[in-house]
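A look at the structure
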Amino acid sequence: SRPQARSACSSGRHGNSPSRTDEAMLRACLVAAALGGAGADDAPQPTTVYVSGALASVAIANGRYDLGSEFHNGKNCFKKEHTMLWLCMDEHNLWNFQPQGFLGKSQGIMVSTQKHSDSPVGAGPWRVWQEKTDAETTGSWVSTHVLVQAAQDSAVPDLSSREMKLRQTVAGMLFGALLLAMLMLSLLKSTDVQIRSYAYKLLSSWIAFLIAFLLMEGTWTILTQQILPAPPPRGFGFEFPLKPGIKIVLSFVLFSLCQFFLNFFGWKCQWRPARLMVLKTLGACITGVWGICTFSIIMHEAVFEASIQFEGPLMSRAQTRNFTCFGVVLFAWCTFAVYRWSSMGARHELFHNPPKYPWPAGSAPPAIVTVSREGCLAIGSSVTHTEHKSDWGDYIDAAEDESCQATMGFLIAQAIMYCKTEELPGYKGHYTHRNNKDGIQEKHRLFFILTLIVLVTIFGIILWVRSKRHAGGRPGKIAQRTVAMAITWIGYRASCWNTRSMFENNRPLALVVSAFIVSLSCFVILILFDRVLDKALGRSSTPTWGSDGAGDTIPLSEKAMRGINNCMGLVMALAWETNVETSVMTVVRSQEFMANHMVLSQSLISILLAVAMIFPWRRTLLPKSEMRETTFEHEIKHELLQLDKAENFMP
């Protein structure tokens, strides 16, 4: 039977599933090697071995074993796919199964057909046989639970395998999503009026920025990887990858279009406050995201390519790069100022008259904002004219200010951190992890902390000055929210930088953990700020029933909290957008059709996800985020009354 065994071993080299006859021959191969062993060294080394025929509790031995890199007694071992169970040959040329913990030891698990035999015998059903010690060559029968226990141990995949990394990521997403959902639900249903209001504002800002990031990512991907580099007639035929100059021009054009459409859509929807609120919130997020994308590319090219023009006897290379970095910040501020003046001029000239075809069709001017005046037509006669005015320009001004704050806060954080790290990662990038030589990591952490302390102090000073100067007007609001955005960006960078150092071997899991840490930190900050404001303003978290809601003036503290919620919503959206992008890429690569059209599939999925979130956000979250606290008081009162009624029916 030995020549047949050799031919059977060679028949399983290529890893294809053998027929039933081949399985029997391969089983005979194992038995022949176990019985004889003398001619095993003469047979060619197989690369794949199939084991079959093991029944019941020892069925774990069945399966495909691929040639591994481990050696035992000078011979290669075979590892079962997706497990840690090995098939090895001992010093007596006898096959035995060894879990990872037994690999290389004399104790192994063998398969035989007869009890009380000195060596395994291959006929009929398989049984478990175990060698005693190194000195003894005989075997003794043991119960089948030994192999069953080995099967349980071997069911755990190798921690370094790709499958295990995927399982860790899925487990992190599952437990984290459950915790995040419960925490968000507790905030949205809190009986504290301010916490409920802040939670809805944070959630609304989070989803709005997530929509903006997904739209931007899908559009940017299909433009830079499909339309521009594709040969005609499918594209413009630019060289791939696109040169930085083309990216700067493209991103700046798209950023300018966002500024234009803010005014155009506001003019068309000026009689619908609900549409204007959507435009103010979502339009500001989209414009701010494109501003971040545009000026991050400009800053990178200016610092590492164009700064050489400033080198000379007065400034070294490091000084010129720092100077150029802050010069880009000043250039971005001037750009937003020019666009603001252009927007106001367009509203006074191009968009002065109401649209002939407003959106939606049939929209009528409101009847509340009217101005009456008398004009003389002739001597002794007069007529009253009624003008309908809309405050849609105020919504556009607010949207432009919020987009400016998001972009300028990002650029200021980039410029400050570049002075220490000499790195300019993109808005989705992170600082690299250097070796801890000469305490570099500790110095970076200390710089992160000191920078945050300084910026928080500046934020507090601005807030104190605004409280003494009747809120400080528009400049004070922009300065305060810009500093808050810079603080948020630096905190986000620091969180991701430290998290990635702990999960260097599993990048998807690092992204998941970073997203949950950022989200949890934002929730904790929200609660802490609410407690601080309660103590500082002497307000109570208990609803005051029966308040008439008189007075529409929003306190300065509430305006500050709106800005903080907007900042935290941005970084939460960015942290989750990177996870969504990874998930989309995984889905695209797993489907053959999508993998053949990877760029198009990835872009369309991102855009469709963003579009699918717009309607529920607009109908559910946005109205709640703009509700007054008195409305939340009545809502909480109604919920508590309903709970009291429900408890009366409980047994």
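Residues numbered from 1 in each chain as written. Predicted model: local features only at pLDDT ≥ 70, side-chain atom pairs only at ≥ 80, totals over all residues. Heavy atoms only, no water.

Thoughts on the overall build of the protein chain
Threshold: Under the scheme used here, helices are H or I runs from DSSP no shorter than 4 residues and strands are E runs no shorter than 2 residues, and both carry numbers assigned from the N terminus. Whether two residues are in contact is decided by their heavy atoms, any of which lying within 4.5 Å being enough. The protein chains shown are the only cover counted for residues, whose accessible areas, like all others here, come from Shrake-Rupley with a 1.4 Å probe.
Each helix and strand in the protein chain was counted, giving 16 helices and 10 strands. Intrachain contacts of the protein chain at a sequence separation of at least 6 include 64% that bridge at least 24 residues. Accessible surface, the protein chain as shown: approximately 34,100 Å² in total, 62% of it carbon and sulfur.

What about the pairing of strand β5 (residues 95-99)?
This is how it is decided: Relative accessible area decides the class of each residue, using a 1.4 Å probe on protein chains only: under 20% of the type maximum gives buried, over 50% gives exposed, and in between gives partly exposed. Two strands pair under a simple rule: DSSP has to find at least two bridges between them.
Of all 5 residues that make up β5, 5 are buried, and the element is covered over most of its length. Burial along β5 is two-sided: Trp95, Phe97 and Pro99 and Asn96 and Gln98, pointing in opposite directions, are all buried. Here 5 bridges tie strand β4 (residues 85-89) to β5, and the two strands are oriented antiparallel to one another. Its bridge partner being in β5, Met89 is matched across the sheet by Trp95.

Here's the deal with the packing of helix α5 (residues 193-227) against helix α6 (residues 244-268)
Each pair of packed helices can be described by the angle between their axes along with the distance between the axes. Defined as follows: Geometry is summarised by axes, namely lines fitted to C-alpha atoms with helices restricted to the contacting stretch, and by angles between N-to-C directions that run from 0 to 180 degrees. The sense of a crossing depends on the near helix, which, turned anticlockwise from the far helix by less than a right angle, makes the crossing left-handed and, turned clockwise, makes it right-handed. Residue type decides the class: Asp, Glu, Lys and Arg count as charged, Ala, Val, Leu, Ile, Met, Phe, Trp, Tyr, Cys and Pro as nonpolar, and the leftover types, Gly among them, as polar.
Two elements in contact, α5 and α6, have axes separated by 12 Å at closest approach and are oriented at 145 degrees. Considering only the axes of α5 and α6, their crossing is right-handed. In this structure, α5 contributes Trp220, Leu223 and Thr224 to the contact, and α6 contributes Lys247, Leu250, Ser251 and Leu254. For the contact of α5 with α6, the residue count by class is 4 nonpolar, 2 polar and 1 charged.

So, the layout of surface pockets
What counts, and what does not: Two kinds of site are reported from a 1 Å grid over the protein atoms alone, namely cavities, where a 1.4 Å probe fits but cannot get out, and pockets, open sets with protein on both sides within 12 Å along at least five of seven lines, and residues are called lining when an atom falls within 4 Å of a point. Grid points are joined across faces, edges and corners, and a volume is the space filled by probe spheres set on the points.
Taken as a whole, the second largest pocket holds about 760 Å³ of empty space. Elements supplying a minimum of two residues to the lining of the second largest pocket: α4 (162-188), α12 (507-537) and α13 (556-590). Of all the elements, α13 adds the most residues to the lining of the second largest pocket, at 8 residues. Residue composition of the lining of the second largest pocket, by class: 7 nonpolar, 8 polar and 6 charged.

Focus on the packing of aromatic side chains
Aromatic ring pairs are described here by two measures, namely the spacing of the ring centres and the angle between the planes. Heads up, the condition is: Stacked, tilted and edge-to-face are the three classes assigned to paired rings of Phe, Tyr and Trp, where Trp is represented by its six-membered ring and a pair needs centres within 6.5 Å; plane angles under 30 degrees give stacked, over 60 edge-to-face, the rest tilted.
By the definition in use, this model includes 26 aromatic pairs. With centroids separated by 6.4 Å and ring planes inclined at 35 degrees, the aromatic side chains of Trp206 and Trp576 adopt a geometry described as tilted. Of the two residues, Trp206 is situated in helix α5 and Trp576 in helix α13; the sequence distance between them amounts to 370 residues. Given a relative accessible area of 10%, Trp206 falls into the buried group. For Trp576, a relative accessible area of 12% translates into the label buried.

What about the packing of helix α8 (residues 317-348) against helix α9 (residues 392-421)?
Basically, it comes down to this: Working rule for angles: under 35 degrees goes down as roughly parallel, over 145 as roughly antiparallel, 65 to 115 as roughly perpendicular, anything else as oblique.
The N-to-C vectors of α8 and α9 enclose an angle of 175 degrees; their axes lie 9 Å apart at closest approach. Between α8 and α9, the angle falls in the class roughly antiparallel. In the contact of α8 with α9, the residues fall into 16 nonpolar, 5 polar and 6 charged.

Quick look at the side chain of Thr320
Defined as follows: Residues adjacent in sequence count toward polar contacts only when both atoms are side-chain atoms; beyond that, a polar contact is any pair of N or O atoms within 3.5 Å, and within protein one must be able to donate a hydrogen and the other to accept it.
Here Thr320 lies in helix α8. Given the relative accessible area of 0%, Thr320 is considered buried. One polar contact links the side chain of Thr320 to the main-chain carbonyl oxygen of Arg317, over a distance of 2.7 Å. Apart from residues no more than four positions distant in its own chain, Thr320 is found in contact with Ser307, Phe310, Glu311 and Met315.

Looking at α6
Filter applied, for reference: One less than the residue count of a helix, multiplied by 1.5 Å, gives the span that helix is expected to have.
Its 25 residues give α6 an end-to-end C-alpha distance of 36 Å, which sits within 8% of 36 Å, the value for a rise of 1.5 Å per residue. Buried residues of α6: Leu250, Ser251, Leu254, Phe255, Cys258, Gln259, Leu262, Asn263, Gly266, Trp267 and Lys268, and no others.

A look at unusual backbone geometry
Cis geometry marks the peptide bond from Pro232 to Pro233, where omega comes out at 5 degrees. A cis geometry characterises the amide bond from Phe240 onward to Pro241, with omega recorded as 0 degrees. The backbone of Glu422 shows a phi angle near 60 degrees, a positive value even though the residue is not glycine. Following the sequence through the fold, Glu422 ends up in the loop between α9 and α10 (440-468).

A short note on the confidence of the model for the protein chain
Predicted coordinates in areas of low pLDDT are best not read in detail. Rules: The pLDDT value tells you how sure the predictor is about a given residue, anywhere from 0 up to 100.
Looking at the protein chain, pLDDT values average 76 and 71% of them are 70 or higher. The model gives residues 367-387 a pLDDT under 50, and that stretch makes 25 contacts with residues more than four places away or in other chains. A low-confidence stretch, residues 543-552 stays under pLDDT 50, and its non-local contacts, those more than four residues away or across chains, total 15 contacts.

Topic: α5
Between its first and last C-alpha, α5 extends 50 Å over 35 residues, near the 51 Å set by a 1.5 Å rise per residue. Most of α5 sits out of view: 30 of its 35 residues are buried. Structurally, the start of α5 carries an N-cap: the backbone nitrogen of Gln194 is 3.0 Å from a side-chain oxygen of Asp192.

Some thoughts on the state of the cysteines
Rules: Cysteine sulfur atoms are paired as a disulfide whenever they fall within 2.5 Å.
With the rule as written, the count across this model stands at 0 disulfides. With no disulfide of its own, Cys325 lies closest to Cys419 among cysteine sulfurs, the gap being 6.6 Å. Taking the relative accessible area as the measure of exposure, Cys325 reaches 0% and is therefore buried.

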